[in-house]
Amino acid sequence: MDWDDNAQESEFRAQVRTFIAEHGAKQRAGDGEESFGNSPEVRARTKPWRDALVANGWIAPAWPKSYGGAGMSPKEQFILNEELAENGLSNVGGFGVMMLGPTLMIHGDEEQKAEHLGKILAGEVVWAQGWSEPSAGSDLASLQTRAKRDGDEYVVNGQKIWTSGAQHADWIYMLARTDPDAPKHRGISLLMFSMRTPGVDVRPLINMADQHGFNEVFFEDVRVPVKNRLGEENRGWYVGMTLTDYERSGIGSAVGTQRRLKQLLDVSRTDPQAKQAEGTRSKSWRLYFADRWIEAEIARLFSYLNISIQARNLVPNYEASMSKLYTTELGQRIAHTALKMYGLQGMAWDAKRPENGRGRVATGYLSAVSSTIAGGTSEIQRGIIATRGLGLPRG
Ligand SMILES: Cc1cc2nc3c(=O)[nH]c(=O)nc-3n(C[C@H](O)[C@H](O)[C@H](O)COP(=O)(O)OP(=O)(O)OC[C@H]3O[C@@H](n4cnc5c(N)ncnc54)[C@H](O)[C@@H]3O)c2cc1C
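This is a predicted model, so every value here is computed, not measured.

Asks: So what's going on with the overall build of the chain? Which residues, and what values?
Replies: Within the chain one finds 14 helices and 8 strands. By the compact-globule yardstick of 21 Å for 395 residues, the chain fits well, its C-alpha radius of gyration being 22 Å. Dimensions of the chain along its principal axes, counting C-alpha atoms only, are 70 × 50 × 50 Å. Scored against the burial criterion, the 395 residues of the chain give a buried share of 39%. A separation of at least 24 residues holds for 70% of the contacts in the chain among residues at least 6 apart in sequence.

Next up, the structure:
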């Protein structure tokens, strides 16, 4: 595939750059707050940026125009994501834009589409994803939360865990078992309901970086109208999995990775504390840093690979796993490189004052741990590469 922009793509890139120059200052993405940190303050602060994206039709680049999206080709999405990530900007879509919207387009009835799609695009309703449970993560089909039919309603009882942003979400889409006697993939349905429905209880989980990103969510006799089921009863597994094959290219995270390295380079040259630190001055750190630089280039090539597959109207499979595995493990190595830069001082951690340079490094190191777990662990990605990519026999 030719990665140079053709005339039309150059024009589009110029358009994106003009847009960023005009509106980018409205939202400089904070540390990962863009997707999940939908607190009222963040929502209010990022509203002008969201409104600018909405006005331009870029809030949902991949959605078809008929549903209010931008209907961009994979290459155009790549250009948009690349330019946003280069500038540290996010597309503020969250689960609604990334996951639920496209699933609704395929499996939703007209009433459901009319009710939800517009609100997702306008950012009026923020969604949480209720997949994982204490005993169902990698093996998600083992989930035990029950939804028992009672006339026109389901009565939901059970528990979800690691539910990102549930403390701020307005609605949740979740998987629950509607037929406990069916084989495990066949007795599951996908339900959508307001987080304010009686019986929904959100309890915070604080991660080791002292951040409140995810939660436990308990359901006790939560009554959900049957019309809020997405897709057929007991076919929810297949509805829910519709999108997992449509992996994103990872270009945002690959470019974000390079951006973090450039910032680190800048700090190592300009911050007096960093310049003096034992890590920065050591030869081994410089070699370590050079390795990261090369790896970041490789991460970018992995995303190019995925985009080139999408551009041929195919869905990346084990290739998306290679990109996810490589980029997230690299993210952890970069966090470690930043920590080493400051030497022992890098471990001085003041979580309440992350604006303090060294504090940010330590917090970043702790936060990076979860990236190889969220969205499918590194072991699961390796399993996919081994079996689907290399054709090795299943264990
Ligand atoms: C930051 C973050 C945000 C998250 N947000 C959400 C969210 O919003 N909604 C949601 O539903 N979930 C969310 N999750 C949960 C996430 O999807 C699960 O943590 C993930 O799927 C792993 O499941 P688990 O934690 O139950 O670990 P387990 O599946 O119990 O795995 C434990 C260990 O065993 C290994 N393992 C398991 N199975 C295999 C296998 N077949 N082969 C080899 N090794 C294996 C795993 O790699 C891991 O090391 C989030 C997680 C994180 C870290």
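Asks: Which residues make up the site of the ligand, and what are the values?
Replies: In the region of the ligand, 19 residues are neighbours, and Trp-131, Gly-137, Ser-138, Thr-377 and Glu-379 sit closest. Counting only elements with at least two residues in the shell around the ligand, the list comes to β1 (127-130) and α14 (378-389). Sort the elements by how many residues they give to the shell around the ligand and α14 lands first, with 3 residues. Looking at the shell around the ligand, its residues break down into 6 nonpolar, 12 polar and 1 charged.

Asks: Tell me about helix α4 (residues 74-86), residues and numbers included.
Replies: For the α-helix, the turn length of 3.6 residues means that residues three or four positions removed from each other point alike. Helix length check: α4, at 13 residues, gives a terminal C-alpha distance of 18 Å against a target of 18 Å (1.5 Å per residue), a fit within 8%. Buried residues of α4: Gln-77, Phe-78, Ile-79, Leu-80, Asn-81, Glu-82, Leu-84 and Ala-85, and no others. Gly-88 sits one or two positions beyond α4 and adopts a positive phi of about 65 degrees.

Asks: I'd love a proper account of the packing of α4 against helix α11 (residues 283-311), names of residues and values included.
Replies: Axis separation between α4 and α11 bottoms out at 8 Å; the angle between their running directions is 150 degrees. If you check the angle between α4 and α11, you find them roughly antiparallel. Packed against α4, whose contacting residues are Pro-74, Lys-75 and Phe-78, the element α11 presents Ile-307, Gln-310 and Ala-311 at the interface. Tallied by class, residues from the contact of α4 with α11 come to 4 nonpolar, 1 polar and 1 charged.

Asks: Which residues make up the domain arrangement of the chain, and what values go with them?
Replies: What the domain assignment lists for the chain is domain 1 (7-92), domain 2 (127-235) and domain 3 (251-389). At the junction of the two partners, domain 1 supplies 8 residues and domain 3 supplies 8 residues. Each residue belonging to the side of domain 1 that touches domain 3 can be placed in one class, and the counts come to 3 nonpolar, 2 polar and 3 charged.

Asks: With reference to specific residues and values, describe the confidence of the model for the chain.
Replies: The pLDDT averaged across the chain works out to 88; a share of 92% of its residues lies at or above 70. Throughout residues 29-36 the model reports pLDDT below 50, and contacts reaching past four residues in sequence, or to other chains, amount to 12 contacts.

Rules used throughout
The numbering scheme is per chain: residues are counted from 1 as the chain's sequence reads. The predicted origin of the model limits local features to residues at a pLDDT of at least 70 and limits the giving and counting of side-chain atom pairs to 80 or more, whereas totals for whole chains, interfaces and linings rest on all residues. A run of H or I in DSSP becomes a helix once it reaches four residues, and a run of E becomes a strand once it reaches two; helices and strands are each numbered from the N terminus. Note that the radius of gyration is over C-alpha atoms, with the globule rule given as 2.2 Å times the number of residues to the power 0.38. With C-beta atoms placed from the backbone, a residue counts as buried when 20 or more other C-beta atoms lie within 10 Å of its own, as exposed when 12 or fewer do, and as partly exposed for counts between those limits. Throughout, a residue-residue contact means that the two C-beta atoms, derived from backbone geometry, are no farther apart than 7 Å. For each residue, a C-beta position is placed from the backbone atoms; the residue is near a molecule or strand when that point lies within 6 Å of it. Residue type decides the class: Asp, Glu, Lys and Arg count as charged, Ala, Val, Leu, Ile, Met, Phe, Trp, Tyr, Cys and Pro as nonpolar, and the leftover types, Gly among them, as polar. Every helix has an expected span of 1.5 Å times one less than the residues it contains. For helices, the fitted axis covers only the stretch in contact; all axes are lines through C-alpha atoms, and the angles between them, taken along N-to-C directions, range from 0 to 180 degrees. With respect to orientation, any angle under 35 degrees is reported as roughly parallel, any angle over 145 as roughly antiparallel, any angle of 65 to 115 as roughly perpendicular, and every other angle as oblique. Note that domain bounds follow an automatic or database assignment of domains. As a per-residue quantity, pLDDT reports the predictor's confidence and falls between 0 and 100.

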